[in-house]
Amino acid sequence: MPEFCDVALPVPLDMVFTYGVPAVAAPVVGGRVLVPFRQKRLTGIVVGLHDRTPAVKTKNILSVLDSAPVLEESLLRLGQWIADYYLAPIGEVFRTMLPLGAEFKRAAVYRITAEGRMALHLAGMSGSSARSRRTPDEQACEFRVLDYLGTQDADSAESTAVVEQKLRSATRASRSILDVMVRKKWITREDVSDVREAARTIKVALLRSAEGKLNDNQKEIVEILAASGGKLPVTNIRELQVPRTTLTTLVKRGLIEIIDEPVAPGQPRSKPRPSPFDFAFNPAQESALAHIREAVDARKFAGVLLHGVTGSGKTAVYLAAMRAVLEAGRSAILLVPEIGLTPAVAADLHQIFGDEVAILHSALSNKERAQQWHRIRNGEARIVVGTRSAVFAPVADLALIVVDEEHDASYKQEETPRYHARDVAVMRAKMAEAAVVLGSATPSLESYFNATKNKYALIELPDRVEQRPLPEVEIIDMRQEFQETGHEQVISRRLSAEIKDRLERKEQVMVLLNRRGYSPVVLCRACGKALECRNCAIALTHHKREHKMICHYCGYLAPVPKSCVHCGSEYVYFLGTGSEKLEELLHGMFPQARIARLDRDTVRGHEDFERTLNALGEGELDIVVGTQMIAKGHDIHGVTLVGVVGADSALGLPDFRAAERTFQLLTQVAGRAGRGQSPGKVILQTYFQDHYAVQYAAHHDFGGFYEKELRFRSWMHYPPYSALANILVRSVKLDEALEWSGKLGKWFEQNRHEGVRVLGPASAPIMRLKQDYRYHFVLKSASREKLNRTLRAMLAYANAQKIPRTQIVVDVDALWLM
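Quick caveat: nothing in here was measured; it's all calculated off a predicted structure. (Residues numbered from 1 in each chain as written. Predicted model: local features only at pLDDT ≥ 70, side-chain atom pairs only at ≥ 80, totals over all residues. Heavy atoms only, no water.)

### Considering the nonpolar core
Proteins that are soluble and globular tend to have nonpolar side chains buried together. Formed by 113 residues in total, the largest nonpolar core has its most connected members in I82, L335, V424, V644, L791, M794 and I808. Per element, the largest residue contribution to this core is seven residues, and it comes from helix α1 (residues 73-85). Residues contacting L335, with those up to four places away along its chain left out, are G386, T387, R388, A390, V391, V402, V403, D404, Y411, A421 and A425. Counting residues in hydrophobic clusters, the runner-up holds 34 residues, among them Y318, V385, L400 and L461. (Core = buried A, V, L, I, M, F, W, Y, C linked by side-chain atoms within 4.5 Å. Buried < 20%, exposed > 50% of the residue type's maximum accessible area, 1.4 Å probe, protein only. Helix = DSSP H or I, 4+ residues; strand = E, 2+ residues; numbered from the N terminus. Contact = heavy atoms within 4.5 Å.)

Below, the structure written as structure tokens:
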């Protein structure tokens, strides 16, 4: 066995760490180990075993967690590619790839020291902490901590360790108080984090005997258990109208035993839609399916862009291709952009593939994610559906990856590692000699450009299934609406009349307003200042139902002001309209209508989303109001009218992708109308009716938009003609952010970077976010290799200048420059 192993740890450092391997340990490359790191214990991935003696003294690993790799060689190579391409620490990449956080329990214990005992003695004599300059409340808290720890080992010669959770609960001490006391050396902190069993379990009652005298309550429990086969979850028993102590008494008498049983994977609550194979494929679908099957059967890498209008049956093609993969004994992964889409797609897949399906997304608990991951790794599930992290699913013999709605920005992770799941899917397919299918009605310009350059095969689905027509789009100029009515309208007269008509015909309506809350701005009419977040340079949004002002970036909460916080004036004006206010307006206009809202405020988990969509699908709702959540992928046949309110507001953002995003959103939400037997209509309210993004969306003309937008991109050297990276320098101190961005700016000026354009430094459009002041650079290059080399040189210089790595964000292929 080699003497040393290199371990990738989940820390923001671009390096691996070498540890000694004890004689009794047997780590494997790709397996996890528990190691000491500074004053903590961390789990890491072994990336190498060797006998090279390091130049510095090494610590030994504490334990080996896996006898076999949890990351196979192909996934290790994929992780290394992500680290190199996106300039991300390799340990943080592997942490993202492995959803096994539930198998590691973080814990710490505290002990009192001799100095702590002396401080406790002095505090007891003087009534205050002699060595503390903290507030009276903090001193009192410190005294409680010392007193509690001191009394735990009063009869012992050695200090007794107390678990952090127990200590904080008993003394009401915050973590910061404990940290200060550690620095004073009054107490010590020891990390005792370790592995734990992560299987999801529930308490189950087993009937062991029914003998002996029983009262009425006891008889009821025994009879219920007997009727259920002698076994029932404890939660079911507690729903009975009997005292909780009754079950405890039966357990003590030995008549019932309580055990833990593993929970079976949950089934999707979404009701299965009609099978996508109930209708005959049209020639375009048949051709697309044949092309994909041929690519899969070749067992060589193949990229396919499936461009089909909304309602053209792309999902049916995906599922047919995946069914062929499963019948061949191989595996497939389906990525969807929104958690809300996952249950509906999973319900379709369960209907077709049964228990061969596993679900992976962020709304699952840590234990649920770990359980699904193990099902996939053990070969129990060969079809995986999920959001961006599902691209790392440990499937065996991967044949096909499908990226649905490949243009969607949610595939790009906005925290380290800042990978794009679509591009990672392409690279994984390339490494596995598999096929990858990118599907969308509005492909990203980069993907469509690659298809036109023959990097991907381009397959078109130009018509909706069963010859259903695309919805008619009517544009309402809100400037003219204002001139004719004399006041600002949220719902135009035309849209109001169309909604009324649909309600009378018992048809359903969707109304999109891509802005949460009740009013997005609170303005003082006296001084003209808006109420801003304390942590961000962003106006707080009024949420009427919660009666709070909320920052949508950091979550900061403030009371609704009765007067201006700047000048004290009582003339406070709530400006603008969000989805909550729109819902209220529609309730007032159509009091008999059944209306629901879908946005981040009403959807706290995937169950809320499923409940609302099921109600819409069952005809229990007349109108659904929502943000972009309602625009993506939902197949509701009863919706015949879609109203778009203010979706063109994004055109005013300082972002070169603003037109593309607007075109995609308008096209996608328009595609929700007329998916059943009745034709659909879209009312598009806009202040920019002549903008090409609005006009091309109204005519369902992707090709026209693509050509015009591509021309602008080529003039300005933006993607797809250049690779792009955004460098963000941030600090809670303005002076530091200015100093560091200034140093990097001078370095860029003084060093020649052939083939790389550097814009900046400049303050970010949102200059302050989550307490950080932010300055950024935008780098563009026709050569990815030159761009990567320049970014690495910049990071090396920043490290030499002692600029903390965590304060420099490098976002390769950035989608968001705000």
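Here the narrative resumes.
### A look at helix α11 (residues 314-327)
Helix length check: α11, at 14 residues, gives a terminal C-alpha distance of 20 Å against a target of 20 Å (1.5 Å per residue), a fit within 8%. Where burial is concerned, most of α11 is hidden: eleven out of the 14 residues are buried. Within α11 the residues assigned to the buried category are K314, A316, V317, Y318, L319, A320, A321, M322, A324, V325 and L326. Two residues or fewer after α11 comes G329, characterised by a positive phi angle close to 80°. (Expected span 1.5 Å × (residues − 1).)

### Overview of the pattern of salt bridges
Counted under the stated rule, the structure contains 45 salt bridges. Residues E92 and R95 are paired through a salt bridge, measuring 3.6 Å at the closest nitrogen-oxygen approach. Taken as a pair, E92 and R95 lie in helix α2 (residues 90-97) at a separation of three residues, close to a single helical turn. Across the pair R494 and E474 runs a salt bridge whose closest N-O atoms are separated by 3.1 Å. Placement of R494 in helix α17 (residues 493-504) and of E474 in strand β21 (residues 472-477) is noted, with a sequence separation of 20 residues between them. For R494, a relative accessible area of 33% corresponds to the partly exposed category. Bridged by salt links that share partners, the residues E474, R494, E498, D501, R502, R505, E507 and K681 form one connected network. (Salt bridge = Lys/Arg side-chain N within 4 Å of Asp/Glu carboxyl O.)

### What about the packing of helix α15 (residues 445-452) against helix α22 (residues 702-716)?
The geometry of α15 relative to α22 is characterised by a closest axis approach of 11 Å and an angle of 95° between their N-to-C directions. Taken together, the axis directions place α15 and α22 in an arrangement best described as roughly perpendicular. Of the residues in α22, those in contact with L445, Y448, F449 and T452 of α15 are F702, F705, Y706, E709, L710 and R713. Among the residues forming the contact of α15 with α22, the class breakdown is seven nonpolar, one polar and two charged. (Axes fitted to C-alpha atoms, helices over the stretch in contact; angles between N-to-C directions. Parallel < 35°, antiparallel > 145°, perpendicular 65-115°, else oblique. Nonpolar A, V, L, I, M, F, W, Y, C, P; charged D, E, K, R; others polar.)

### Observations concerning unusual backbone geometry
Residue P417 is reached from T416 by a cis peptide bond, and omega for that bond is -5°. For the bond running from G760 to P761, omega is 10°, close enough to zero to count as cis. Secondary-structure assignment places P761 in strand β33 (residues 756-769). With a phi angle near 55°, R172 is a residue other than glycine that sits in the positive phi range. By the secondary structure assignment, R172 is in the loop between α5 (164-171) and α6 (175-183). Since its relative accessible area comes to 62%, R172 is described here as exposed.

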